[in-house]
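# Remarks on the overall topology
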Amino acid sequence: PQKPFQTKLVLLGEAAVGKSSVVLRFVQNDFQENKEPTIGAAFLTQKCRLEDRLIKFEIWDTAGQERFHSLAPMYYRNAQASAVIYDVTKASSFEKAKSWVKELQRQANPNIVIALVGNKIDLLKEASSSSNANAETEEEDDDETATTTPEATGDSLRAVPKDEAEAYAKEAGLLFFETSAKTGEGVVEVFTEIAKKIPID
Ligand code: GDP
Ligand code: MG
C-alpha cells in the first residue's frame with residue numbers, strides 16, 4: 001500500500017465563478033443549483049491515484065473573503081498547487097484570475113503548480129468543438145457580420161475566448177482547462193493533471 005502524498009491546494013477566483021461547485025463535483029460528484037455561498041472556512045480532502053503515486057489533496061476553499069480580495073497570504077502559503085478559476089461567460093472574472101496568478105507567482109511557493117480553469121462551459125451552446133471552424137472560410141472584407149460572430153458559432157454567451165485563455169496560460173506556465181461543475185465535464189482532469197505535476201521526493 002502506497003503512502004499518500006499530502007498536497008495543499010488552494011482555490012482562487014472571483015466570487016460566484018464556481019470554486020466551491022468544482023470542488024463539490026470533484027469530491028462528491030455532486031452539483032447544487034443556486035449553491036449557498038460558503039460560510040466559514042471550507043476544507044475538503046480527496047485522494048487522487050495515479051500509476052506511480054497517490055496524492056491526497058487538502059483543498060482549501062474560501063469563505064467568501066475573495067469578494068474583498070482579502071485573502072491572507074497564509075491562505076496560499078505552503079500550497080503546492082492552486083486552481084485559479086474564472087467563469088467563461090464573464091470577462092471580468094478572467095481579469096481577476098490573471099491578477100490572482102500574478103499574486104501567486106510573486107508571493108507563493110516558487111514551485112507551485114497552477115491550473116487556470118474556465119468554468120461553466122455548459123452555459124455555452126457550442127455548435128462545434130472547434131471555434132476556428134469558420135475562420136478558414138471567412139472572406140477578407142470589412143463585413144462586420146462575418147461568420148465568426150459568437151451567434152454563428154452558437155457560442156453567444158462566451159465572453160472569454162478559449163484560444164486567448166489558452167495562450168495566456170501557456171505564456172504564464174499554467175495548466176489550462178475548461179470545465180463544467182454542473183455536468184462534470186473536465187473536472188477530474190484538472191486534479192489529475194495537477195497531481196501528475198506535483199514534485200514528490
Ligand atoms: P464560488 O463563489 O466561486 O464558490 O461559486 P459557487 O460554487 O458558489 O457557484 C456560484 C453559482 O454558480 C451557484 O449558483 C452555482 O450553482 C453556479 N455554478 C457553479 N458552477 C457552475 C457550472 O459549471 N455551470 C453552471 N451553469 N452554473 C454553475
Ligand atoms: Mg464558494
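For every chain, the first residue of the written sequence is number 1, and numbering continues from 1 onward in sequence order. As a convention, the first chain written is A and the first ligand written is 1, with the rest following in written order. Reporting in this predicted model follows two pLDDT cut-offs: at least 70 for local features of residues, and 80 or more for side-chain atom pairs to be given and counted; totals over whole chains, interfaces and linings ignore these cut-offs and use all residues. Hydrogens and waters are ignored; side-chain quantities use all the structure's heavy atoms.

Near ligand 1 you find 21 residues, and of these Ala16, Lys19, Ser21, Asp122 and Ala181 are the closest. Side-chain atoms alone can form a polar contact between residues adjacent in sequence; in general such a contact is a pair of N or O atoms within 3.5 Å, and within protein one must be able to donate a hydrogen while the other accepts it. Backbone polar atom of glutamine 32 to an oxygen atom of ligand 1: 2.9 Å apart, as the coordinates give it. One nitrogen or oxygen atom from the side chain of asparagine 119 is found 3.2 Å from a nitrogen atom belonging to ligand 1. Residue burial considers only the protein chains on display, and all accessible areas are found by Shrake-Rupley using a 1.4 Å probe. For ligand 1, the protein covers 88% of the area, taking 580 Å² as the surface of the free molecule. In terms of residue count, the dominant contributor to the shell around ligand 1 is helix α1 (residues 19-28) (three residues). The nearness test applies per residue and asks whether one of its heavy atoms lies within 4 Å of the molecule or strand. Put simply, DSSP H or I for four residues or longer makes a helix, DSSP E for two residues or longer makes a strand, and each gets a number counted from the N terminus.

So, about the confidence of the model for the protein. Per-residue confidence from the prediction method is given by pLDDT, with values spanning 0 to 100. Taken as a whole, the protein shows an average pLDDT of 85; of its residues, 82% reach a score of 70 or greater. Residues count as neighbours in contact if any of their non-hydrogen atoms are within 4.5 Å of one another. Across residues 127-131 the pLDDT falls below 50, and counting only partners more than four positions away or on other chains, this stretch makes three contacts in the model. Confidence estimates for the predicted assembly give a pTM of 0.85 and an ipTM of 0.99.

As a further point, take the pairing of strand β1 (residues 5-12). Here the term buried applies to any residue with accessible area under 20% of the maximum for its type, exposed to any over 50%, and partly exposed to those in between, with areas from a 1.4 Å probe on protein chains only. Counting buried residues in β1 gives six out of eight residues, a clear majority hidden from the surface. With six bridges connecting them, β1 and strand β3 (residues 53-61) associate as parallel partners. Bridging from a neighbouring strand, lysine 8 pairs with glutamate 58 of β3. Paired strands, in this sense, are two strands between which DSSP finds at least two bridges.

What follows covers the environment of valine 113. Its location among the elements puts valine 113 in strand β5 (residues 113-119). For the pair formed by valine 113 and valine 88, sequence separation is 25 residues and the distance between their alpha carbons is 22 Å. The residues contacting valine 113, other than those within four sequence positions of it, are Gln80, Ala81, Ser82, Leu175, Ile194, Lys197 and Ile198.

Between rings of Phe, Tyr and Trp, where Trp is taken as its six-membered ring, a pair exists when centres lie within 6.5 Å; planes separated by under 30 degrees are stacked, by over 60 edge-to-face, and by other angles tilted. Tallied over the full model, the rule gives seven aromatic pairs. Judged by centre distance (6.0 Å) and plane angle (85°), the rings of phenylalanine 94 and tyrosine 168 are edge-to-face. In this pair, phenylalanine 94 sits in helix α3 (residues 91-107) while tyrosine 168 sits in helix α5 (residues 162-172), placing the two residues 74 residues apart along the sequence. For the pair formed by phenylalanine 94 and tyrosine 168, the shared burial category is buried. Members of the aromatic cluster, joined through ring pairs, are Phe26, Phe57 and Phe191. Consider the ring centre and the ring normal. A charge sits over the ring if Lys NZ or Arg CZ is within 6 Å of that centre and within 35 degrees of that normal. Stacked on the ring of tryptophan 60, the Lys or Arg lysine 8 has its end atom at 3.7 Å from the ring centre. One cation-aromatic arrangement involves lysine 98 over tyrosine 168; the distance from NZ or CZ to the ring centre is 5.5 Å.

Take the side chain of lysine 19 next. With respect to the helices and strands, the residue lysine 19 is situated in helix α1. Within the local environment of lysine 19, its side chain forms a polar contact with the backbone oxygen of glycine 13, the two atoms lying 3.1 Å apart. Apart from residues no more than four positions distant in its own chain, lysine 19 is found in contact with Leu11, Leu12, Gly13, Glu14, Asp61, Thr62, Glu66 and Ile85.

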